[in-house]
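# What the coordinates show
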Amino acid sequence: MAGIIGTNVMTQVGFIVKDIEKSKKKFAEFFGIEPPPHFDGGKFEVTGTTYMGEPAPDANCLMAFFDVGPNLQLELIQPNGVKSVWQDFLDERGEGIHHLAFNIKGMDKWIVECEKFGLKCLQRGKYGDGGGEYAYLDGYEDMKCLVELLESY
């Protein structure tokens, strides 16, 4: 079954944390591995981040990734204090599970399908060195988390 976004294969679970160093050490200890490095989301000139449809040049975060299965990552996200889906979550809900992510092809098409389904696109941008795009869609009311679409170029 392909579902609303053409896939039902989840590739990432994201957590919002207050202290990425502390959180990644605890997860690493739990998994029995070394803590991964963390890094920021990149410069606005590359990411082009939009929040609620408007440019968000200062929205950023620290991120760390754990590979926890053949095709599954756990992502830790520490917001930088500027309005974003990350900071909103921390301010309104505290730390915890933030999103479920899915790899897709055809970002614009799947955002439209998600919006028809009742999910609203809250934040969008590019990741890495512009080698891919992400979109966060609001699924809080019915799904109790955000849905993140990830497309690699």
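The preceding data block contains the structure.
Everything numeric here is computed off the predicted structure, so don't read it as measured data. (Residues numbered from 1 in each chain as written. Predicted model: local features only at pLDDT ≥ 70, side-chain atom pairs only at ≥ 80, totals over all residues. Heavy atoms only, no water.)

## Regarding the side chain of Lys24
Threshold: Each helix is a run of H or I in the DSSP string that is no shorter than four residues. Each strand is a run of E no shorter than two, and both are numbered from the N terminus. The contact rule is simple, with two residues in contact once any of their heavy atoms fall within 4.5 Å.
Mapped onto the elements, Lys24 comes out in helix α1 (residues 20-31). If we skip the residues at most four places from it in the chain, Lys24 touches Pro35, Pro36, Pro37, His38, Ala64, Phe66 and Leu76.

## Overview of unusual backbone geometry
A negative phi holds for most residues other than glycine; trans holds for most peptide bonds. Applied cut-off: Burial here depends on accessible area, computed with a 1.4 Å probe over protein chains only, as a share of the maximum for the residue type. Under 20% is buried, over 50% is exposed, and the range in between is partly exposed.
In this model, Met52 sits at a positive phi of 55°, which is unusual for a non-glycine residue. Topologically, Met52 is positioned in the loop between β3 (50-51) and β4 (54-55). Its identity as a non-glycine residue notwithstanding, Lys144 has a phi of 70°, on the positive side. As for its position among the elements, Lys144 is in the loop between α5 (140-143) and β10 (145-152). Taking relative accessible area as the criterion, Lys144 reaches 59% and is therefore assigned exposed.

## Quick notes on a nonpolar patch on the surface
Heads up, the rule is: Like-charged residues within 9 Å of one another, or nonpolar side chains (Val, Leu, Ile, Met, Phe, Trp, Tyr) within 5 Å, are grouped into patches, provided each residue has over 30% relative accessible area and no salt bridge. In short, Shrake-Rupley with a 1.4 Å probe defines the accessible areas, and a residue's cover is counted only from the protein chains shown. Any Lys or Arg side-chain nitrogen located within 4 Å of an Asp or Glu carboxyl oxygen qualifies as a salt bridge.
A cluster of nonpolar side chains, Phe30, Phe31, Ile33 and Val68, forms an exposed patch at the surface whose accessible area comes to about 390 Å². Relative to the assigned elements, Val68 resides in strand β5 (residues 61-69).

## A few points about the sheet that holds strand β9 (residues 132-139)
Going by this rule: We treat two strands as partners when DSSP finds at least two bridges between them. Each axis is a line fitted through C-alpha atoms, and for a helix only the stretch in contact is used; angles between axes span 0 to 180 degrees, taken between their N-to-C directions.
Taken together, 10 strands build an open sheet; the order of strands is β2-β5-β6-β1-β7-β10-β9-β8-β3-β4 and the sheet is mixed. Across the chains shown, the open sheet's two edge strands, defined by having one partner strand only, are β2 (38-40) and β4. Where strand β1 (residues 12-16) and strand β7 (residues 96-103) come together, five bridges link them in antiparallel fashion. Across the sheet, residue Phe15 finds its bridge partner in β7, namely Ile97. Taken strand by strand, helix α3 (residues 85-93) contacts β1, β3, β5, β6 (72-79), β7, β8 (120-127), β9 and β10, and its axis lies near 150° from that of β7.

## Observations concerning the packing of aromatic side chains
Definition in use: Here the aromatic set is Phe, Tyr and Trp, taking the six-membered ring for Trp, and pairing holds for ring centres within 6.5 Å; pairs whose planes are under 30 degrees apart are stacked, those over 60 apart are edge-to-face, and all others are tilted. We call a charge positioned over a ring when the NZ of a Lys or the CZ of an Arg lies within 6 Å of the ring centre and within 35 degrees of the ring normal.
Overall, the coordinates contain 10 aromatic pairs when judged by the stated rule. Joined through ring pairs, the aromatic side chains of Phe15, Phe27, Phe30, Phe31 and Phe66 make up one cluster. It is Arg93 that lies over the ring of Tyr140; its NZ or CZ is 3.7 Å from the centre.

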